[in-house]
Amino acid sequence: IEAEPTAVDVVVIGAGQAGLSTGYHLRRTGHRPEAGFVLLDAPSAPGGAWRFRWPTLRMATVHGVHDLPGLPMGPVDEDEPAATAVPAYFAAYEQHFALPVHRPVRVRSVWPEDDDPMGRLRVATDRGDFSTRALINATGTWTRPFWPRVPGQAVFRGRQLHTVDYQGPDEFAGRKVIVVGGGASGVQLLAEIATVAETTWVTRRPPVFHEGPFTHEHGRAAVARVDEAVRAGRPPESVVSVTGLLLTPEVRRMRAEGLLDRLPMFDELTADGAVWHDGRFEAADAILYATGFRAALDHLRPLRLREPGGGIVVEDTRVPAEPRVQLVGYGPSASTVGATRAGRFAVREVNRLLGRVPAGMT
Ligand code: FAD
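Note that the coordinates shown come from a computational prediction; the quantities given were computed from them, not determined experimentally.

Visitor: A description of the sheet that holds strand 7 (residues 159-162) should follow, citing residues and the corresponding values.
Guide: Pairing is parallel in the open sheet, where 4 strands are placed in the order 7-15-8-9. Since the sheet does not close on itself, it has two edges, and those belong to strand 7 and strand 9 (198-202), each with one partner. Taken pair by pair, the neighbouring strands of this sheet meet at an average axis angle of 20 degrees, ignoring direction. Bridge analysis of strand 7 against strand 15 (residues 286-289) gives 4 bridges, and the strand direction is parallel. Note on strand 15: the bridge partner recorded for His162 is Tyr289. On the sheet, helix 3 (residues 184-193) packs against strand 8 (176-180), strand 9 and strand 15 and is oriented at approximately 165 degrees with respect to strand 8.

Visitor: Talk me through the site of the ligand; I want residue IDs and the actual numbers.
Guide: Taken together, 35 residues surround the ligand, and among them Gly14, Gly16, Gly48, Gly140 and Gly329 come closest. At the level of secondary structure, the elements contributing two or more residues to the shell around the ligand comprise helix 1 (17-28) and helix 7 (336-353). By residue class, the composition of the shell around the ligand is 16 nonpolar, 16 polar and 3 charged.

Visitor: Please give an account of helix 7 that cites residues and values.
Guide: In this model helix 7 runs 26 Å from its N-terminal to its C-terminal C-alpha over 18 residues, within 8% of the 26 Å that 1.5 Å per residue would give. Taken together, the buried positions of helix 7 are Thr336, Gly338, Ala339, Thr340, Ala342, Gly343, Arg344, Ala346, Val347, Val350 and Asn351. On its buried face, helix 7 is in contact with strand 1 (6-13), helix 1, strand 6 (128-137), helix 4 (216-231) and strand 16 (325-327). The first or second residue beyond helix 7 is Gly355, which carries a positive phi of 75 degrees.

Visitor: Pulling in residues and values, what's your account of the sheet that holds strand 12 (residues 268-270)?
Guide: Two pairing modes exist for strands in a sheet, parallel and antiparallel, and in both the strands are linked by backbone hydrogen bonds. Pairing within the open sheet is antiparallel, and its 3 strands lie in the order 12-13-14. Only two strands of the sheet have a single partner each, and these edge strands are strand 12 and strand 14 (281-283). Going across the sheet, the axis of each strand differs from the next one's by a mean of 25 degrees, ignoring polarity. Pairing of strand 12 with strand 13 (residues 273-275), which is carried by 3 bridges, proceeds in the antiparallel orientation. Residue pairing in the sheet places Thr270 in a bridge with Gly273 of strand 13.

Cut-offs used in this document
- Residues numbered from 1 in each chain as written.
- Predicted model: local features only at pLDDT ≥ 70, side-chain atom pairs only at ≥ 80, totals over all residues.
- Pairing = 2+ DSSP bridges.
- Helix = DSSP H or I, 4+ residues; strand = E, 2+ residues; numbered from the N terminus.
- Axes fitted to C-alpha atoms, helices over the stretch in contact; angles between N-to-C directions.
- Contact = placed C-beta atoms within 7 Å.
- Near = placed C-beta within 6 Å.
- Nonpolar A, V, L, I, M, F, W, Y, C, P; charged D, E, K, R; others polar.
- Expected span 1.5 Å × (residues − 1).
- Buried ≥ 20, exposed ≤ 12 C-beta atoms within 10 Å, placed from the backbone.

The following block contains the structure:
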């Protein structure tokens, strides 16, 4: 016998930066935990995607984790792995604001309960169903790594792994490693692996290095470009692909050492290496795909939000085609600062939808 779904006003899916910011603003505007709203998060402990970052990513080498609203992270130990420091902050945050996070709960599917466009949405999970008036999706990208498809991948005898599998450079000591990907992660992983292995860097397009200081204007311009794409329903590019790679002292050193002499994407893998159409061959023991992520939105498929090009039309956090749904941490808000702001915006929209306009709301 199927149990009745739990009825709530708001379901938030995901409890990373975007979900926690959303939870804070729901609390602040008077939503009651448990009865009024829930946050559903798949992992078994707090931290969002940060729990799963590679152990050699330290607080000194992250680009900067923006504070969540209402409780700053405080001083950090630069040597501490991001995979423990940020989850500890998130755990304290959830407790401080008594956020009703349910975990481990994986949302499998979301669909309208009936034909009424203002009716309830059913949220089916691996731990029972919810019936909600509004949905705020904050599921990030980490669970949807993007692997390029290349002929011969099944034939290659070495190891093929993605950023999500990377656990530090030690296992590559003395090996030949091809690192694929022109983003910030690609360069960071290349830097680490090059200290112990022979590396080749492969990127689809020639990388663009950003000369000079990175100003707020650059950041805003990059976010505006992603925003424009998303409003038009195109799949969002990563913000780095728009800003270019920052010429940090480490990147300058790598350039001087020739580590960043990149090759275009190979055309095929053989049992023991990569081949290019022009006949070039590079032997390899491992191929590391630092090829990015896609938005983790498969559970929303029954809502049919996707455009033919694969993106979803999103204006700020609103989905014009489905007013009951907000997307936070998607496209232009896929950064810790963007996700934090998006939580506030999404809650304002949801309160409007629910006819709640609490006094003093932003
Ligand atoms: P996440 O942190 O991924 O949280 C989403 C949560 O939803 C996860 O717990 C996930 O398991 C859960 N979830 C997913 N699907 C489901 C489901 N179906 N049901 C239930 N739960 C689900 N940004 C910065 O601003 N500064 C940085 O230094 C920085 N460094 C980065 C380093 C790396 C290697 C990467 C890949 C990204 C980095 N980013 C950085 C971007 C960063 O990921 C985002 O800024 C931000 O952390 C994403 O937060 P989020 O809440 O949207 O997603």
